[in-house]
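# Structural description and commentary
Chain residues, written in single-letter form:
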Amino acid sequence: MLKPFELPPPPAHFVGRAAELERLTGILTRDPDRPGPAVVTVHGEGGIGKTTLAVVLGHRVANEFPGGQLFAQLDGPDTPDSPDELQHRINKVLAHFIAALQGPEEEVNFDPAALLVAYRNLTKNRKVLVVLDDVPRAHKVEDLFPAGPRCAVILTSREPPTDPPMAGEGLCELQRLSENESVALLKQLTRREDDVLSELAARCAGLPFALRGVATALAYRPQWEPVTVEHALRVATAHDSRPQPLAASYGLLSEGERIAFRCIASFEQPVFAPWMLAEAAGIEEGDAHVLAARLADARLVERHSTEPSAELLYVAPDPVREYAAHLAEIEDGPERIARTQRVRDAQHKRATVNVREQATSLIEQGRLGAALSKAQTALTIAREGHDNEAEALARVLLAEVSAELGDVAQTERLARRACELANGRVKARALRCLGHAQRRLRDLRGARQSLDSALELVSPSDDPAEYIRVLAERAVVWGMLKEVGSAKEDCAEAERLRHSRDGVQPAIVEWARGVSSYYLDEFAEARTVLAEGHTVASKNGQRLMAAQLHFWSAEVALAQEDYPTAQKIAAESLTSFTEMRHRYGIARCNHVLGRVAVHQNRYGEAALILQEVAEWFRGCGDPWTEGDATRLLANVYAESKKQQQAQVMRGLARSLFMEAGDQERARQLAGGVDSSLRRLMSAIDRSGERE
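Sequence order sets the numbering: in each chain, residues are counted from 1 along the sequence as written. Totals for whole chains, interfaces and linings use all residues, but because this is a predicted model, local features are given only for residues with pLDDT of at least 70 and pairs of side-chain atoms are given and counted only at 80 or more. To get the side-chain values, take all heavy atoms of the structure and skip hydrogens and water.

### Quick word on the overall build of the protein
We count it as follows: Where helices and strands are cited, they refer to DSSP runs of H or I of at least four residues and of E of at least two residues respectively, numbered from the N terminus. Accessibility here uses a 1.4 Å probe with only protein chains present; expressed as a share of the type maximum, an area under 20% marks a residue as buried, one over 50% as exposed, and anything in between as partly exposed.
Each helix and strand counted, the protein has 32 helices and eight strands in total. Here the protein holds 691 residues, and the buried ones make up 57% of them.

As structure tokens, then:
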């Protein structure tokens, strides 16, 4: 069995909460005289510091639970509202926990009943700590509790729970920080000692979220003297009849940033895109991108990467939305209503255009954030109108964007739901996306079956573009299966069909031929075809396809041990992905550059690159490549004599490979991969990112 260590890092700055920590630590670590695990629940208003306390508490008691520590966030801006979807989320977390706990040779049975049995068996005789963050009040989460009496659970929730065992002696309502604690936290965060900190602390009213936002704002204005800070606060908050915790953060914003902040009241959902801010504020979209980023830098909104995209989305926490609405009502009057209507009209306009053609065009141009936003808007309107066919198409479009970006879990979920709703061509597209997800999960048999079914639903005469897409995807699956004849047959059929239909799917056939040849170890063929495809894609304005083909050329060069060429091409591809703000492509290119650095014994540089790569892939939802980067990072640490860090990274890499379905790689890691990095060089050559 594995010993997972999944707790997020503890905060660098933390004050107060001594009494709470002492009491909750006692509950979690006392001798077990109970039928089930110890449970503590931290609850309180938004921004009060529940998650921070849970993480600090988890690290404080971690040594008492040598069986492992598990972490999951259950709520968020995309939390589904139906009971079935909520239970689906619980089952996904269960599957993740099981993969993290069991041996790498074991597979996960995704049947709900089997998941529960497996989880209980894995935890009944171990000392495991489980941290469940942001639990909705009405959400039954007992299925995620470990079975053993020597285990423990830490929960956080906005509302106090009403059902046992979450409402027992371990219930802790978190209060705001005292004035002295607030000042102490500001001093730690800002490294300032002037008297203005006391006024800032008072205005934040003891809310840690607000205090950290103010500290960030001050960090961006180190030249401001106390008198300047005080004047800005008085001018910006003169209309407040009572103290507002976020008033200090708001007071330190520029005029344009304040307008952007108040525009948050115009959005009906917590998640928003910069184009929505542009519509609300009546400004150019480029300016909206800048303002949204500044609000994120001030910790007033958060960059949102549940669904990775070239264009970042943002989420406004509840305290921010409430204060923005308060300010908009006071300062903006009728303009607030006009802003909301402009955003609503723009959403409807975006949804009524030809979504399929526009989204496909946006994907080819590398404007994945815009494509994602259009499909999400179309899905909202389709669901409001109870239009199953329109909903299926919107879900397919979302799945296609997610597939391009490597978010395999999101692709699979969307594609399966679209298959349930759709027929004909739309279902064929959904099956293709499902096949892509299954290929990424190393379920090659399932991928082939999905793609075979897709070909039965689409005609090469009626929809040649989709038929070619399916053939291209299946050719890569054949390549991974080492079925040379079948791979080449599908590529030849796609090529024949493309030539018979001018203008259909330029460059995708070269992608299929190049990537399948890579998997078949025909590197010379792959290199030639990928270069040809890059030329074709560039000529036809397919920015994303051109960058992807060039990236695969770097992978081929790396497999051929041509490290200078691999580094050069990866750097060129990195530039292309950066211009498109394509975060997943940026991470993949850096993954190649990190591996090149490993091969060239530049371990310090490799560690920095691979650390960043692992963080990128964590947000992009690509567990295999995150696992590969983490594995390499573990061995770089081992080579640098950092054995503790290496052990933690190896454990995480095992879990990630198991999540991605690569049991063989997980077994390799369990079998002593902590030895010298040089012993793995030949294996690394063959184990580049194979998607």
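### What about the packing of aromatic side chains?
Selection rule: By convention, a stacked pair of Phe, Tyr or Trp rings (six-membered ring in the case of Trp) has centres within 6.5 Å and planes under 30 degrees apart, an edge-to-face pair has planes over 60 apart, and any other such pair is tilted. Criterion for a charge above a ring: Arg CZ or Lys NZ at most 6 Å from the ring centre, at most 35 degrees from the ring normal.
Taken as a whole, this structure holds eleven aromatic pairs when the rule is applied. Plain terms: the ring middles of F267 and F272 are 4.8 Å apart, the flat faces sit at 25° to each other, and that makes the pair stacked. Residue F267 shares its accessibility class with F272, and that shared class is buried. What links up through ring pairs into an aromatic cluster is the set Y518, Y519, F523, F551 and W552. Across the ring face of F657, the terminal group of R665 is positioned such that the distance to the ring centre comes to 5.5 Å.

### What to know about the confidence of the model for the protein
Selection rule: Across the chain, each position has a pLDDT score giving the predictor's confidence in that residue, from 0 to 100. The contact definition used throughout considers only heavy atoms, calling two residues in contact when any of these lie within 4.5 Å.
Of the residues in the protein, 85% have a pLDDT of 70 or more, and the chain-wide mean is 82. Considering only residues more than four positions removed or in separate chains, one finds that residues 672-691, a stretch of pLDDT under 50, has 63 contacts.

### Topic: helix α2 (residues 50-61)
Definition in use: By this rule, a helix spans an expected 1.5 Å times one less than how many residues it contains.
Relative to the 16 Å expected for twelve residues at 1.5 Å per residue, α2 spans 17 Å between its end C-alpha atoms, a close match to the ideal helical length. Buried-residue contacts for α2 involve α1 (18-29), β1 (38-43), β2 (68-73), β3 (128-133) and β4 (152-157).

### Re the environment of K127
Operational definition: For this analysis, a polar contact is any N or O atom pair within 3.5 Å, provided that within protein one partner can donate a hydrogen and the other can accept it, and provided that sequence-adjacent residues contribute only side-chain to side-chain pairs.
Here K127 is to be found in the loop between α4 (112-123) and β3. According to the relative accessible area criterion, K127 is partly exposed, its value standing at 27%. Apart from residues no more than four positions distant in its own chain, K127 is found in contact with E64, F65, P66, G67, G68, R150 and C151. There is a polar contact of 3.2 Å between the side chain of K127 and the backbone oxygen of E64.

### Some thoughts on a negative patch on the surface
As a reminder, the rule being used: Exposure above 30% relative accessible area and the absence of a salt bridge qualify a residue for a patch, where like charges join within 9 Å and nonpolar side chains (Val, Leu, Ile, Met, Phe, Trp, Tyr) within 5 Å. Only the protein chains shown count as cover for residues, and the accessible areas themselves come from Shrake-Rupley with a 1.4 Å probe. Counted as salt bridges are all cases of a side-chain nitrogen of Lys or Arg within 4 Å of a carboxyl oxygen of Asp or Glu. Positive charge is attributed to Lys and Arg, negative charge to Asp and Glu, and no charge count is given to His or to the chain ends. Just so you know, the charge point we use is NZ for Lys, CZ for Arg, CG for Asp and CD for Glu.
Where like charges cluster on the molecular surface, the negative patch consists of E279, E284, E285, D287 and D345. In this fold, D345 is placed in helix α14 (residues 334-352).

### Focus: helix α11 (residues 274-281)
Most of α11 is tucked away, with six of its eight residues classed as buried. Within the sequence span of α11, burial applies to P274, W275, M276, L277, A278 and A280.

### Here's the deal with the pattern of salt bridges
All chains considered together, the criterion is met by 32 salt bridges. A salt bridge links E22 to R60; its shortest N-O distance comes to 3.2 Å. Taken together, the positions of E22 in helix α1 and R60 in helix α2 put the pair 38 residues apart, joining distant regions of the chain. Given the relative accessible area of 42%, R60 is considered partly exposed.

### Remarks on the sheet that holds β1
In plain terms, the rule: We treat two strands as partners when DSSP finds at least two bridges between them. Helix axes are fitted to C-alpha atoms over the stretch in contact, other axes to C-alpha atoms as well, and angles between N-to-C directions run from 0 to 180 degrees.
Taken together, the five strands give an open sheet; going across it, the order is β2-β3-β4-β1-β5, and neighbouring strands pair in parallel fashion. Strands at the two margins of the open sheet, each flanked by one partner only, are β2 and β5 (171-173). The average angle at which neighbouring strand axes cross in this sheet is 15°, direction not considered. Looking at chain direction, β2 and β3 are connected through six bridges and run parallel. Bridged to G68 within β3 is V128. Against the sheet, α1 contacts β1, β4 and β5, and its axis sits at roughly 155° relative to β1.

### Observations concerning the sheet that holds strand β7 (residues 302-304)
Across the sheet, three strands lie side by side as β6-β8-β7; this open sheet has antiparallel pairing. Looking at which strands have only one partner, the edges of the open sheet turn out to be β6 (271-272) and β7. Its contacts with the sheet put helix α12 (residues 285-297) on β6, β7 and β8 (313-315), and the angle it makes with β8 is roughly 40°.

### Notes on the nonpolar core
As a reminder of what qualifies: In plain words, nonpolar cores are sets of buried Ala, Val, Leu, Ile, Met, Phe, Trp, Tyr and Cys residues tied together by side-chain atoms within 4.5 Å.
Judged by nonpolar contacts, the single largest core of 187 residues is most densely connected at L200, F261, I264 and W511. Ranked by the residues each element gives to this core, the list is headed by helix α25 (residues 543-559), at twelve residues. Excluding its chain neighbours within four sequence positions, the residues that come into contact with I264 are L295, V301, A316, V320, R321 and A324. In this structure, L70, I98, L122 and V141 belong to the second largest nonpolar core, which totals 34 residues.

### As for empty space enclosed by the protein
We apply this condition: Cavities and pockets were defined on a 1 Å grid built from protein atoms only: a cavity is a group of points that admits a 1.4 Å probe but offers it no way out, a pocket is an open group of points flanked by protein on both sides within 12 Å along at least five of seven lines, and a lining residue is one with an atom within 4 Å of any such point. Grid points are joined across faces, edges and corners, and a volume is the space filled by probe spheres set on the points.
All chains considered together, the criterion is met by four cavities of 30 Å³ or more. Here the largest cavity defines a volume of roughly 620 Å³. Only α15 (355-364), α17 (388-405), α19 (424-440), α21 (464-480), α23 (508-519), α25 and α27 (583-599) provide two or more residues apiece to the lining of the largest cavity. A per-element tally of the lining of the largest cavity places α19 first, with six residues.

### As for the pairing of β3
For β3, the tally of buried residues reaches six of six residues, placing the bulk of the element in the interior. Of the two faces of β3, the one lined by V128, V130 and L132 and the one lined by L129, V131 and D133 are each fully buried.

### Comments concerning the packing of α11 against α12
Here is the rule: For classification purposes, angles smaller than 35 degrees are called roughly parallel, those larger than 145 roughly antiparallel, those between 65 and 115 roughly perpendicular, and all remaining angles oblique.
For the pair α11 and α12, the least separation of the axes is 8 Å and the interaxial angle reads 110°. Taken as axis vectors, α11 and α12 run roughly perpendicular relative to one another. Here P274, W275, L277 and A278 of α11 lie close against α12, whose contacting residues are E285, A288, H289, L291 and A292.

### Re unusual backbone geometry
Most peptide bonds take the trans configuration, and most residues that are not glycine carry a negative phi. Positioned with a positive phi, E561 is a non-glycine residue whose angle comes to about 65°. When you line up the elements, E561 lands in the loop between α25 and α26 (563-579). Located in the positive-phi region is K641, a residue other than glycine, with phi close to 65°. Tracing the sequence through the fold places K641 in the loop between α29 (623-639) and α30 (643-659).

### Considering the packing of helix α20 (residues 444-457) against α21
The condition that has to hold: When the near helix sits turned anticlockwise from the far one by under a right angle, the crossing is termed left-handed; a clockwise turn instead gives a right-handed crossing. Note that Gly is not counted as nonpolar here; it falls among the polar residues with everything else outside the nonpolar set of Ala, Val, Leu, Ile, Met, Phe, Trp, Tyr, Cys and Pro and the charged set of Asp, Glu, Lys and Arg.
Viewed as axis vectors pointing N to C, α20 and α21 meet at an angle of 155°, and their least axial separation amounts to 10 Å. The pairing of α20 with α21 is recorded here as roughly antiparallel in orientation. Judged by the twist between their axes, the crossing of α20 over α21 is left-handed. In this structure, α20 uses L444, A447, R448, L451, D452, A454 and L455 to contact α21, whose residues at the interface are Y467, V470, L471, E473, R474, V477, W478 and M480. Tallied by class, the residues present in the contact of α20 with α21 amount to eleven nonpolar, no polar and four charged.

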